[in-house]
Amino acid sequence: MDEFDFARGVTVGQYVPGSSILHRLDPRAKLGGFVIVLAAVITTSSYLGNAVALASVIGIVILSGIPLGYVLSGVRPIIPILVIFTIFNFLFLGNYDPTGSPVIWRQQLAVGPYEFAFTVTENSMKQTVQGVVRIISLILLTSVLTLTTTITSLAKGIELLLAPFRRIKVPGHEIAMVFAIAYRFVPTVADELERLMKAQASRGADFGRPGRFQFAKRARQLVPITVPLFVGAFRRAERLIMAMESRCYVGGAGRTPISLPRLALRDWASLAAALAFTLAIWNVPWPA
Amino acid sequence: MSETIVEVRDLWHSHLRGTPLETVALRGAELQIASDDLIALMGHTGSGKSTLVQHLNGLLRPHQGSVKVFGQDLGDRKLDARPLRQMVGIVFQQPEQQLFDPTVGDDIAFGPRQLRCTPEEVRRRVRTAMERVGLGFEAFKDRYTFGLSGGEMRRVALAGVLALEPRLLVLDEPTAGLDPRGRAQLLSSLRALHADAGIAVVIVSHDMDVVAELARRVWVLAEGRTVMHGSVREIFARVDELRELRLGIPQVSELAHELRKAGRQVPADVLTVDELAEALWTNSTSRAG
């Protein structure tokens, strides 16, 4: 593993060309299916249900033909957050548990004038574990969506899905454009971050000596990175505005698409599969 | 007395290794740098120049092959590259974008402060570095960094690297985007750094006129491999090979080449306008006489 190789860890916002069924789906169907599966992933509230949801998401990744290891590596950057989230939830969530589920472990601790209570109940334990599984499922699902869809086609999908709401003044085209621009620059900013860290390291900056969890020290070290990164982002934004204005961009008003793709059978089939999956997750009486 | 300070042998490197987006950037590159060298590294876009130079201070580590810099083997994963980064200063493309401190002096002082130098030492290093790039210490040290011109900002960034007092300075496309005056100033600063401060200098460039003007020796990369190296005159005399690699040649060499094709007697290795004029002059006078 190279010291400054960040682009490798960022899987969200990348696109990997391929010819799997997921690559070929209409973006509208893909977005619709994504939202439907997402609903199942974040609402199921049992150990088994979550495990099934995670397994299904991994199944979708395998279906996309993108190496599972690569998609899983997208989870790595958020491991510190996950660890902290887990520790806090595990220790403190049970203190505020209104459901009255059985207490597994309780500990009082007095440090000087302060008193701490740690409680773990069956319910808080479940929520902690589920939280982690859900976040991992979410990242995998989002990654596979962007890994198999180009930004333009995703933006087109959003625009088409929002088109019926134009009557109630939802600016579908503008929302899609904002989304596309934001997404377009994720890899650019990641590249720039890597370049800046290398440049500052080449003039004496020292990254990586404090451990992964020494946040204050890390934050101070990041000033030489964040300042140029923001300066660069603003400069790029201004250039983009100039480029759009000089081509008379006025938003979606009066613009017509060159082609109106129709949903194919596989698009309807995948939507139906997503819907069936979510209904199943909701209606199976998962034990505990 | 010159000694070899950098020795790169059969170097391989891939970007995004282990992902579906993996691309091989270097396939067996070679490079040697002596302590009194003034080198240009040339190659078409995507030839692996930037990847190669990032190995010289351990920003990247070899995936295959060996990189030895100041006697240290960068293939050794346990080797801490940070001390090496003081000895090898790399100035990236568009280095003015890496400035972050509101005042010029503080920005240049970043490196020495990271090295925990005493305040007097920091001051001395900043002063020397600024003078070497042609920025007056008193005139510029308290100026607002982001209010400088592009050429001045680039010199501030260069000073920020020089303040580490490296023995080898590597510059990636140092003149890209500068106006002719900024370019001339930068090149004369680099020449002085090499001649007076005794720093070995490597420039990565595909501006052939800059290469001809500054470098003594040239290494040429193509598709991740070293395909030519030699003195700047030798390299620019090999016009057809350079064209095949989609590299240009300096305008003067180009003109000399055309004149030779048109039947005039011009040596193959002219590099400057003066040399060409001289050659044409002696030629025509000898014919007249």
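Residues numbered from 1 in each chain as written. Chains lettered and ligands numbered in written order. Predicted model: local features only at pLDDT ≥ 70, side-chain atom pairs only at ≥ 80, totals over all residues.

Kindly report on the overall build of chain A, identifying the contributing residues and their values.
Broken down by element type, chain A carries 11 helices and 2 strands. Projected onto its principal axes, the C-alpha positions of chain A cover 70 × 60 × 40 Å. The buried share of chain A, taken over its 288 residues, is 25%. Long-range pairs, those at least 24 residues apart, make up 79% of the contacts in chain A between residues at least 6 apart in sequence. (Helix = DSSP H or I, 4+ residues; strand = E, 2+ residues; numbered from the N terminus. Buried ≥ 20, exposed ≤ 12 C-beta atoms within 10 Å, placed from the backbone. Contact = placed C-beta atoms within 7 Å.)

Talk me through the overall build of chain B; I want residue IDs and the actual numbers.
Of regular secondary structure, chain B possesses 12 helices and 10 strands. Against the 2.2 N^0.38 benchmark of 19 Å for 289 residues, chain B shows a C-alpha radius of gyration of 21 Å, consistent with a compact globule. Seen through its C-alpha atoms, chain B measures out along the principal axes to roughly 70 × 50 × 40 Å. Across the 289 residues that make up chain B, the buried fraction comes to 42%. The long-range share in chain B, meaning contacts at least 24 apart out of those at least 6 apart in sequence, stands at 63%. (Rg over C-alpha atoms; globule rule 2.2 N^0.38 Å.)

If you had to explain the interface of chain A and chain B to someone new, which residues and values would you point to?
Across the contact, 25 residues belong to chain A and 26 residues belong to chain B. Contributing elements (two or more residues each) for the side of chain A that touches chain B: α8 (172-201) and α10 (223-246) of chain A. When residues in the side of chain A that touches chain B are grouped by element, the largest group, 6 residues, is from α8(A).

Which residues make up the confidence of the model for chain B, and what values go with them?
Summing up the model confidence of chain B, the mean pLDDT is 89 and the portion of residues at 70 or higher is 98%. Across the interface, the model reports ipTM at 0.85; the global pTM reads 0.78. (pLDDT = per-residue confidence, 0-100.)

Summarise the environment of Val132(A); cite the residues concerned and give the values.
Tracing the chain through its elements places Val132(A) in helix α6 (residues 122-147). The residues touching Val132(A), leaving out its near neighbours within four places in the chain, are Leu82(A) and Thr86(A).

Summarise helix α11 (residues 265-283) of chain A; cite the residues concerned and give the values.
For α11(A), spanning 19 residues, the distance from its first C-alpha to its last is 27 Å, which sits close to the expected 27 Å at 1.5 Å a residue. Taken together, the buried residues of α11(A) touch α2 (27-43) and α3 (47-64) of chain A. (Expected span 1.5 Å × (residues − 1).)

Explain the sheet that holds strand β8 (residues 200-204) of chain B residue by residue, including any values.
All names here are of chain B. If you walk across this open sheet you meet the 6 strands as β6-β7-β8-β3-β9-β10, and the pairing is mixed. The outermost strands of the open sheet, each flanked by one partner alone, are β6 (88-91) and β10 (225-231). Sheet twist, expressed as the mean angle between neighbouring strand axes with direction ignored, is 15°. Pairing analysis gives 4 bridges linking β6 to strand β7 (residues 168-172), with the strands arranged parallel. Among the inter-strand pairings, Gly 89 is bridged to a residue of β7, identified as Leu 169. (Pairing = 2+ DSSP bridges. Axes fitted to C-alpha atoms, helices over the stretch in contact; angles between N-to-C directions.)

With reference to specific residues and values, describe the pairing of β10(B).
Residues and elements named next belong to chain B. Two elements, strand β9 (residues 217-222) and β10, share 6 bridges in a ladder whose sense is antiparallel. Across the sheet, Arg 217 pairs through a bridge with Ser 231, a residue of β10. Here β9 folds back onto β10, and the loop between the two strands holds 2 residues, one of which, Glu 223, carries a positive phi near 45°.

Before we move on, could you go through helix α7 (residues 180-196) of chain B and cite the residues and values that matter?
Owing to its 3.6 residues per turn, the α-helix aligns residues three or four sequence positions apart on the same side. Between its first and last C-alpha atoms α7(B) spans 24 Å; for 17 residues at 1.5 Å apiece the expected length is 24 Å, and the two agree. Phi turns positive, to about 70°, at Gly198(B), one or two residues after α7(B).

Summarise the environment of Gly177(B); cite the residues concerned and give the values.
Residues and elements named next belong to chain B. Along the chain, the position of Gly 177 falls in the loop between β7 and α7. Here Gly 177 falls in the partly exposed class, since 13 other C-beta atoms lie within 10 Å of it. Along the chain, Gly 177 and Gly 150 lie 27 residues apart, while their C-alpha atoms are 8.7 Å from each other.

Outline the packing of α3(A) against α6(A), listing residues and values.
All names here are of chain A. Where α3 meets α6, the closest approach of the two axes is 10 Å, and the angle between their N-to-C directions is 15°. For the element pair α3 / α6, the angle class is roughly parallel. Here α3 runs over α6; the crossing is left-handed. Along its contact with α3, which presents Tyr 47, Asn 50, Ala 53, Leu 54, Val 57, Ile 58, Ile 60, Val 61 and Ser 64, the element α6 presents Lys 126, Val 129, Gln 130, Val 133, Arg 134, Ile 136, Ser 137, Leu 140, Leu 141, Val 144 and Leu 147. (Parallel < 35°, antiparallel > 145°, perpendicular 65-115°, else oblique. Left-handed = near helix turned anticlockwise from the far one by under 90°.)

I'd like to hear about the sheet that holds strand β1 (residues 4-15) of chain B, residue by residue, with values.
All names here are of chain B. Ordered in space as β2-β1-β4-β5, the 4 strands form an open sheet in which the pairing is antiparallel. Both outer strands of the open sheet, β2 (23-34) and β5 (72-73), are each paired with one neighbouring strand and no more. Two strands pair when backbone bridges link them, and β1 and β2 are joined in this way by 9 bridges, in the antiparallel orientation. Pairing of Trp 12 across the sheet is with Arg 27, part of β2.

Residue-level account of the nonpolar core, with values.
Ranked by size, the top nonpolar core spans 86 residues in total, and within it Leu41(B), Ala159(B), Val170(B) and Val211(B) carry the most contacts. Considering every element that reaches this core, the biggest residue donor is helix α6 (residues 150-162) of chain B, with 7 residues. In contact with Val211(B), other than residues within four places in its own chain, are Ala40(B), Met42(B), Ser205(B), Val218(B) and Val232(B). Among the nonpolar cores identified, the runner-up in size contains 19 residues, and Val37(A), Val57(A), Tyr70(A) and Leu140(A) belong to it. (Core = buried A, V, L, I, M, F, W, Y, C linked by C-beta atoms within 7 Å.)

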